[in-house]
Every structure is written in structure tokens, then in C-alpha cells.
Amino acid sequence: MERTGFEPFGEQLVSATDTQPRSRASKILLRVGTGLFWSLVAGIVLARAAFFEPGVYDGFSRVASLAKCLIF
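Note that the structure is a prediction, hence the values are computed from the model and not measured.

This brings us to the overall build of the protein. In terms of helices and strands, the protein carries two helices and zero strands. Looking at the protein residue by residue over its 72 residues, the buried ones come to 0%. Summed over all atoms, the accessible surface of the protein reaches about 7400 Å², with 66% contributed by carbon and sulfur.

Right, here's the structure in full:
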């Protein structure tokens, strides 16, 4: 048993030369999926930047200080 051919638990590793070549449809689907993922990431980041309100957590700090005064 070659040490490089098996992982520590005895499963055989698949080498890069054993893999089948990707089809054209698979490459296109990979590019479309990657593009869709990164466009959603960019859209979420831009939406958060556009609708960011700095004072949105001021109400929470007032409630937290009130709870602290009531407990202590």
C-alpha cells in the first residue's frame, strides 16, 4: 500500500490524472454559478451600504442601560 495513494483512514485518494475531463456544459455552468454568487455578494454589500443608518442601535443601548439599572 503506497502512502501517497491512501488517506490516513485507508480511503483511496483520487489523483488529478484519474479525473474525467470536464464537459463544455459543466464549465459554462460553473462560470454562471460563480458569476451569480459574486453578483449576489456585491448586491448585498451595496444594499447594506446604501441603507446603512448609523443611529439604528441607539435604541438598543438605551434599553440595555435601563436593564442594567433595574438589575443592579
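With that settled, the discussion passes to a nonpolar patch on the surface. A cluster of nonpolar side chains, namely Leu 66, Leu 70, Ile 71 and Phe 72, defines an oily patch on the protein surface of about 560 Å² accessible area. In this structure, Leu 70 sits in helix α2 (residues 58–71). Looking at Leu 70, the relative accessible area reads 69%, which means it is exposed.

Glancing now at helix α1 (residues 24–50). Counted at 1.5 Å a residue, the expected span for α1 with its 27 residues is 39 Å, and the 39 Å between its end C-alpha atoms agrees. For α1, a buried count of zero out of 27 residues is recorded, marking the element as mostly open to its surroundings.

Attention shifts here to the UniProt feature "transmembrane region" (unreviewed entry) in the protein. Under the local residue numbering, the UniProt record ascribes the feature "transmembrane region" (unreviewed entry) to residues 28–51. A distance of 34 Å separates the end C-alpha atoms of residues 28–51, which is 96% helix and 0% strand.

Its 14 residues give α2 an end-to-end C-alpha distance of 20 Å, which sits within 8% of 20 Å, the value for a rise of 1.5 Å per residue. Of all 14 residues making up α2, only zero are buried, and the element is barely covered by its neighbours.

Rules and cut-offs
- Residues numbered from 1 in each chain as written.
- Predicted model: local features only at pLDDT ≥ 70, side-chain atom pairs only at ≥ 80, totals over all residues.
- Heavy atoms only, no water.
- Helix = DSSP H or I, 4+ residues; strand = E, 2+ residues; numbered from the N terminus.
- Buried < 20%, exposed > 50% of the residue type's maximum accessible area, 1.4 Å probe, protein only.
- Areas by Shrake-Rupley, 256 points an atom, 1.4 Å probe, with all protein chains shown as cover.
- Patch = residues over 30% accessible without salt bridge, like charges linked within 9 Å, V, L, I, M, F, W, Y side chains within 5 Å.
- Salt bridge = Lys/Arg side-chain N within 4 Å of Asp/Glu carboxyl O.
- Expected span 1.5 Å × (residues − 1).
- UniProt positions renumbered as here; feature names shortened; annotations may be inferred.

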